[in-house]
Amino acid sequence: MDMDQLVALCKRRGFLFQSSEIYGGLQGFWDYGPLGVELKRNVREAWWRDMVTAHNELDVQPGAPSTYEMVGLDCAIIMHPQVWKCSGHYDLFHDYMVDCRESKKRYRYDQVYGRWLNCKGQRIFVASDVPGDEGLELTQHKAMKFFDLRGKDADRLAWEGPLVSLTTVSDMATVLGPDAKTLGTLTPPREFNLMFKTIVGALGGAEDTVFLRPETAQGIFVNFKNVCDSTRVRVPFGIAQIGKSFRNEITPRNYTFRSREFEQMEIEFFCHPKTSPQWYQYWRDRRYQWYLNLGLAGERLRLRDHDKEELSHYSCGTADIEYAFPFLPVGEFGELEGVAHRGDFDLRSHMEGKLVRQGDQLVVETNADGKPHHRGSGKDLSYLDDQTKERFVPHVIEPSAGADRATLAFLCEAYREDEAPDENGKPTKRVFLKLHPRLAPVKAAVFPLVRKDGMPEAAREIYKTLKPHMTVFYDEKSAVGRRYRRQDEIGTPFCITVDGQTLQDGTVTIRDRDTLQQWRVPKDQCLDQLQTRLQS
């Protein structure tokens, strides 16, 4: 599937728009249109229902060590600045960037690639901000242009190996930047904090600086004691939250995959340290299966455990659920969700202060005078088991999913092209979205075959019957074949057509989006038929 085709469909049919488009747009920000907002809402609601509201805390779920409870939160976007100091975001939440003095463009240091080249007595590093085969082609083209060579002279380029990261290059003077014509235009790498700053209060001094949250998790951790004190939950239990997060990405790219404003669906699951490895395995497997159940194909979806060197300093284990997005080079995957075993790092951080690793231990980071570098709340966030009388700091398992990335993955997976007869019976190209019915923005469309003979009135009655139970679309404009194609393009699973036979025997035609199969049912059974098929 060509990503450009999906992007064009999303714009044409009202799934996604560039934010502030009439002013030229703002990079890294996207607006969901009338259909997009329904699709993303369905993704969020499927997650919330499957993880929280439909969870049966009385039964042991398959693969779970025991029963557990689930509750929800909706925390503020702006929190006390000390939250981000104790969590480590204030000091550590940054990327490295490089700027090009010639092109005035900015790049993430670890997202610039290149190859070493010997030609005409020079050894240079030819850089590209695109990986894979496309990056190889770009570096070849740049090198030919830089050394003023023609196609027949390509064998004069002596490449030293495959694409490697710019982070392996020590002398920036030898680098030909991704958009530069001369050598040495890239600045040395420097840190760039990813948190957005803002001001709280009327005075606007430095002491009033706060941050838009870069993740939703910390709101859960700082409310752990409130949840325990105000509800009857017992460890093990999970707290779920869906909400906006903000990261000032250096180079947002790949449609909505890497944005500066995005929505997260996160669970912080609190459990006893002794059972935490089993709970990690449970959530790792369960979250992977969730994507499979909603239609992501096995060959394009994978569960990858992090190597030891990839793990965060606090992590006891992390696995990424990844999808082979079409904008990535063949064989590469992008992260959909991370499932992390965070140990007791988070609750201890907010009790004691910012933690750092010393050998096998996490200890409070101190200043030269021996005091905590960033002071914790001092509140006791340990948990007392009222049955065993044991007090402990719970371990945390964190399944953290991106609502925007999930929505994009479902769109990519759903895009299909085939041939189907048009209104004249001639086979023509058909574009359709094979979305899981739970996710489809519109569940059914209702058509009168023609706008006369009482057909519109009968169709409107069916529409009125269905409308309170599901998202339905009514359409009586143009030929019925074109109306089918419009619904196929937006992923509507079923279309109901009122025709002349309806007026005789009270039956209507239901058409399946994927198989194109049609069958007749009594019009007063449409709701039951659709609900049964949508649920199955």
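Preceding block: the structure.
Only a predicted model underlies this, so the values are computations on that prediction, with no experimental measurement involved.

Asks: Is there a simple way to think about the overall build of the protein chain in this case?
Replies: Along its length, the protein chain carries 14 helices and 30 strands. Each of the three principal axes of the protein chain carries a C-alpha extent, and together these read 90 × 80 × 50 Å. In the protein chain, which comprises 536 residues, the proportion classed as buried is 50%. Within the protein chain, contacts between residues at least 6 apart in sequence are counted, and of these 65% link residues at least 24 apart. Taken as a whole, the protein chain presents about 25,800 Å² of accessible surface, with 49% of it coming from carbon and sulfur.

Asks: Would you mind showing me how to read the state of the cysteines here?
Replies: Cysteine pairs can be covalently joined through their sulfur atoms, and such a bond is termed a disulfide. Tallied over the full model, the rule gives zero disulfides. No disulfide involves Cys86; its sulfur sits 17 Å from that of Cys75, the nearest cysteine. Cys412 carries a free sulfur, and the closest cysteine sulfur to it, the one in Cys10, is 8.2 Å from it.

Asks: Honestly, helix α5 (residues 132-146) in this entry has me stumped. Any pointers?
Replies: In an α-helix, one full turn covers 3.6 residues, which means residues spaced three or four apart are oriented alike. The end-to-end C-alpha distance of α5, which contains 15 residues, comes to 21 Å, matching closely the 21 Å that a straight helix rising 1.5 Å per residue would cover. Among the residues making up α5, those that are buried are Gly135, Thr139, Lys142, Ala143 and Met144. Against β6 (113-119), β7 (122-128), β8 (158-159) and β10 (175-176) lie the buried residues of α5. Where α5 terminates, the next one or two residues include Asp148, which has phi positive at roughly 55°.

Asks: Help me understand the pairing of strand β28 (residues 494-498), please; the structure alone is not making it clear to me.
Replies: For a regular strand, the rule is simple: side chains alternate between the two faces of the sheet. With five of five residues buried, β28 lies mostly within the body of the structure. The alternating pattern of β28 places Phe494, Ile496 and Val498 on one face and Cys495 and Thr497 on the opposite face, and all of these are buried. Taken together, the five bridges between strand β26 (residues 444-448) and β28 define a ladder with parallel strand orientation. Bridged to Val446 within β28 is Ile496. Strand direction decides the pairing type here: β28 and strand β29 (residues 507-512), joined by four bridges, are antiparallel. Across the sheet, residue Phe494 finds its bridge partner in β29, namely Asp512.

Asks: Looking at this structure, I do not really get the sheet that holds β29. What am I missing?
Replies: Pairing between sheet strands relies on hydrogen bonds along the backbone, with the strands arranged either parallel or antiparallel. An order of β27-β26-β28-β29-β30 is seen for the five strands of this open sheet, with the pairing classed as mixed. Sheet topology places β27 (472-474) and β30 (518-522) at the edges, where each strand pairs with a single neighbour. With direction set aside, neighbouring strand axes in the sheet form an average angle of 25°. Here β29 runs beside β30; their pairing, made up of five bridges, is antiparallel. Paired with Thr509 across the bridge in β30 is Arg520. Across the face of the sheet, helix α12 (residues 480-490) comes into contact with β26, β27, β28, β29 and β30 while running at roughly 170° to β26.

Asks: I would appreciate a short explanation of the packing of helix α1 (residues 3-13) against helix α10 (residues 403-414) in the present structure.
Replies: Geometry of a packed helix pair, given as the angle between the helix axes and the separation of the axes. Running from N to C, α1 and α10 point in directions that differ by 110°, and their axes come no closer than 11 Å. For the element pair α1 / α10, the angle class is roughly perpendicular. The interaxial crossing formed by α1 with α10 has right-handed handedness. In this structure, α1 contributes Met3, Leu6 and Cys10 to the contact, and α10 contributes Leu408, Leu411 and Cys412. Looking at side-chain class alone, the contact of α1 with α10 contains six nonpolar, no polar and no charged residues.

Asks: How do you make sense of the packing of aromatic side chains when you look at a structure like this?
Replies: Any two aromatic rings considered together are summarised by their centre-to-centre distance and by the angle between their planes. In this structure the tally under the stated criterion is 27 aromatic pairs. Plain terms: the ring middles of Phe447 and Tyr484 are 5.6 Å apart, the flat faces sit at 55° to each other, and that makes the pair tilted. Of this pair, Phe447 sits in strand β26 while Tyr484 sits in helix α12, and the two are 37 residues apart along the sequence. A relative accessible area of 0% places Phe447 in the buried class. Under the relative-accessibility criterion, Tyr484 is labelled buried at 10%. Members of the aromatic cluster, each reached through a chain of ring pairs, are Tyr68, Phe269, Trp279, Tyr282 and Trp283.

Asks: Even after reading the chapter, I still don't get helix α8 (residues 276-293), so can you show me in this structure?
Replies: Taking 1.5 Å of rise per residue, 18 residues should cover 26 Å, and α8 covers 25 Å from first to last C-alpha, within 8% of that figure. Residues of α8 that are buried include every one of Ser276, Trp279, Tyr280, Tyr282, Trp283, Arg284, Arg287, Tyr288, Trp290 and Tyr291, and no others. Backbone geometry just downstream of α8 places Gly295 in the positive-phi region, at approximately 110°.

Asks: Looking at this model, I keep getting lost on the pattern of salt bridges. Mind explaining?
Replies: A complete count under the given rule lists 45 salt bridges for this structure. Arg438 serves as the salt-bridge partner of Asp50, at 3.1 Å between the closest nitrogen and oxygen. Of this pair, Asp50 sits in helix α2 (residues 34-53) while Arg438 sits in the loop between β25 (427-433) and β26, placing them 388 residues apart in sequence. What makes Asp50 buried here is its relative accessible area of 19%. Judged by its relative accessible area of 31%, Arg438 falls in the partly exposed class.

Asks: How should unusual backbone geometry be read in this particular structure?
Replies: In terms of backbone geometry, most residues other than glycine have negative phi values and most peptide bonds are trans. The omega torsion across Val235 and Pro236 is 10°, close enough to zero to call that bond cis. Mapped onto the secondary structure, Pro236 falls in the loop between α7 (224-230) and β14 (237-246). One non-glycine residue with positive phi stands out, namely Leu516, at about 65°. Among the secondary structure elements, Leu516 is positioned in the loop between β29 and β30.

Asks: Is there a simple way to explain a nonpolar patch on the surface in this structure?
Replies: Taken together, the side chains of Ile77, Ile78 and Val200 present a nonpolar region at the surface, about 210 Å² in accessible area. With respect to the element layout, Ile78 can be found in the loop between β3 (69-72) and α3 (81-87). You can call Ile78 partly exposed: its relative accessible area is 37%.

Asks: Hey, could you run me through the sheet that holds strand β4 (residues 94-99) in this one?
Replies: The strand order across the open sheet built from three strands is β5-β4-β11, with neighbouring strands paired in antiparallel fashion. The open sheet has two free edges, formed respectively by β5 (106-108) and β11 (190-193), since each of these has just one partner strand. Strand-to-strand twist in this sheet, taken as the mean axis angle between neighbours without regard to direction, amounts to 45°. Here four bridges tie β4 to β11, and the two strands are oriented antiparallel to one another. The residue of β11 that forms the bridge with Met97 is Arg190.

Each value, and the rule that gives it
- Residue numbers run consecutively from 1 along every chain, following the written order of its sequence.
- Note on the predicted model: pLDDT of at least 70 is required for a residue's local features to be given, and 80 or more for side-chain atom pairs to be given and counted; whole-chain, interface and lining totals, by contrast, use all residues.
- The side-chain quantities take in all heavy atoms of the structure and omit both hydrogens and water.
- Secondary structure follows DSSP: runs of H or I at least 4 residues long count as helices, runs of E at least 2 residues long count as strands, and numbering of each begins at the N terminus.
- Relative accessibility thresholds used throughout: buried, under 20% of the residue-type maximum; exposed, over 50%; partly exposed, between the two (1.4 Å probe, protein chains only).
- The contact criterion used throughout is that any non-hydrogen atoms of two residues lie within 4.5 Å.
- Areas reported here follow the Shrake-Rupley algorithm with a probe of radius 1.4 Å; residue values treat only the protein chains shown as occluding.
- The term disulfide is used for any two cysteine sulfur atoms that are within 2.5 Å.
- Here the expected length of a helix is defined as 1.5 Å per residue gap, with one fewer gap than residues.
- At least two bridges found by DSSP between two strands are what make those strands a pair.
- Working convention: axes come from line fits to C-alpha atoms, limited for helices to the stretch in contact. Angles between N-to-C directions cover 0 to 180 degrees.
- Any angle from 65 to 115 degrees is called roughly perpendicular, while one under 35 is roughly parallel, one over 145 is roughly antiparallel, and all others are oblique.
- Each crossing gets its handedness from the near helix: less than a right angle anticlockwise from the far helix is left-handed, clockwise is right-handed.
- We call Asp, Glu, Lys and Arg charged. Ala, Val, Leu, Ile, Met, Phe, Trp, Tyr, Cys and Pro are nonpolar, and the rest, Gly among them, are polar.
- Put simply, two rings from Phe, Tyr or Trp (the six-membered ring, in Trp's case) pair if the centres are within 6.5 Å, and we call them stacked under 30 degrees between planes, edge-to-face over 60, tilted for the rest.
- We count a salt bridge whenever a side-chain nitrogen from Lys or Arg sits within 4 Å of a carboxyl oxygen from Asp or Glu.
- Residues form patches when they are more than 30% accessible in relative terms and have no salt bridge. Like charges link within 9 Å. Nonpolar side chains (Val, Leu, Ile, Met, Phe, Trp, Tyr) link within 5 Å.

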